[in-house]
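Examining the three-dimensional arrangement
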Amino acid sequence: MRILIIEDEYPLADAIQEILKRNNYAADIETNGEDGLNAALTNIYDLIILDLMLPQRDGLNILKELRKNHQTTPVIILTAKATTDDIIKGLDYGADDYLTKPFATKELLARIRAISRRKDKIIIDNLKYEDIELNKYNRELSCITTNKKIKLSEKEFLLLEYLINNQKIIITKEQILDKLWGKESLELEYNNAEVYVSFLRKKINFIGSSVKIKALRNYGYILEVNYDS
Ligand code: CA
């Protein structure tokens, strides 16, 4: 799961990023409203943590723009102004939840878990596709027919999660770069995506699964299953 933090207080943004990373989420930070909106519109994020008082463009405006563009990524609002009006406005504009500053990190994590459970594509603890299961908490990949297991690295996990959540859809190398590296992806080359696909293929083979990551020349990748081979 990749999370976008839009927050202009650097220490708070860094602290949230640190907590998220420790809990196996990938997280990027944007510190002004304009960059925040542009990042959110890339559609690579599974959740957005949004401050309301931001330079250049405020949080409610970002939220409005996102929903106007039919972007349904869940949003948790962070607000120092705990006025009921702001909270009601935020929820009316399509926020999924809100937290008032200061908040306990445990509470933030619980809200994130609650939202992931509500997102219909994500199954509570394990993501499943054909004969493989992926544990979201310890990043363990297992094959239900062979019972073999292997632990995935953070990026391998993000890649497989992305492929499973978008099964039947071709995922391009560019989308893989954005998903795995977020903001840093601009400095990378397409073969970084190929490298991670090959790591993941080796692990899927190792556990004896029939799942394949099929490459479609000049398009990208898609999951498929081949029980005969
Ligand atoms: Ca702020």
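First things first, this report covers the structure right here in the doc. The structure displayed is predicted, hence computed values, not measured ones.

What follows deals with the packing of helix α2 (residues 33–41) against helix α3 (residues 59–68). Packed helices, taken two at a time, are described by their axes: the angle between them and the distance between them. Orientation of α2 relative to α3, taken along the N-to-C sense of each, is 25 degrees, at an axis distance of 10 Å. As the angle between them shows, α2 and α3 are arranged roughly parallel. Read as a crossing pair, α2 and α3 show a hand that is right-handed. Counting all contacts with α2, which are made through Gly33, Leu37, Ala40 and Leu41, the residues of α3 involved are Ile62, Glu65 and Leu66.

Among the nonpolar cores identified, the biggest contains 31 residues, and Leu141 and Leu160 are the most heavily contacted of them. Contributing elements (two or more residues each) for this core: β6 (126–129), β7 (132–135), β8 (140–143), α6 (154–165), α7 (173–181), α8 (190–206), β10 (211–216) and β11 (220–225). The element best represented in this core is α6, accounting for seven residues. Counting 20 residues, the second largest nonpolar core, distinct from the first, contains Ala13, Ile16, Ile19 and Ile49.

Moving on, we come to the pairing of strand β5 (residues 97–100). The two faces of β5 differ: Asp97 and Leu99 on one face are buried, but Tyr98 and Thr100 on the other face are not. Examined bridge by bridge, strand β4 (residues 75–79) and β5 share four bridges and lie parallel to one another. The partner of Thr79 across the bridge, within β5, is Thr100.

About the thresholds
Residues numbered from 1 in each chain as written. Predicted model: local features only at pLDDT ≥ 70, side-chain atom pairs only at ≥ 80, totals over all residues. Heavy atoms only, no water. Axes fitted to C-alpha atoms, helices over the stretch in contact; angles between N-to-C directions. Helix = DSSP H or I, 4+ residues; strand = E, 2+ residues; numbered from the N terminus. Parallel < 35°, antiparallel > 145°, perpendicular 65-115°, else oblique. Left-handed = near helix turned anticlockwise from the far one by under 90°. Contact = heavy atoms within 4.5 Å. Core = buried A, V, L, I, M, F, W, Y, C linked by side-chain atoms within 4.5 Å. Buried < 20%, exposed > 50% of the residue type's maximum accessible area, 1.4 Å probe, protein only. Pairing = 2+ DSSP bridges.

Geometric descriptors of this kind do not, in isolation, establish any biological role.
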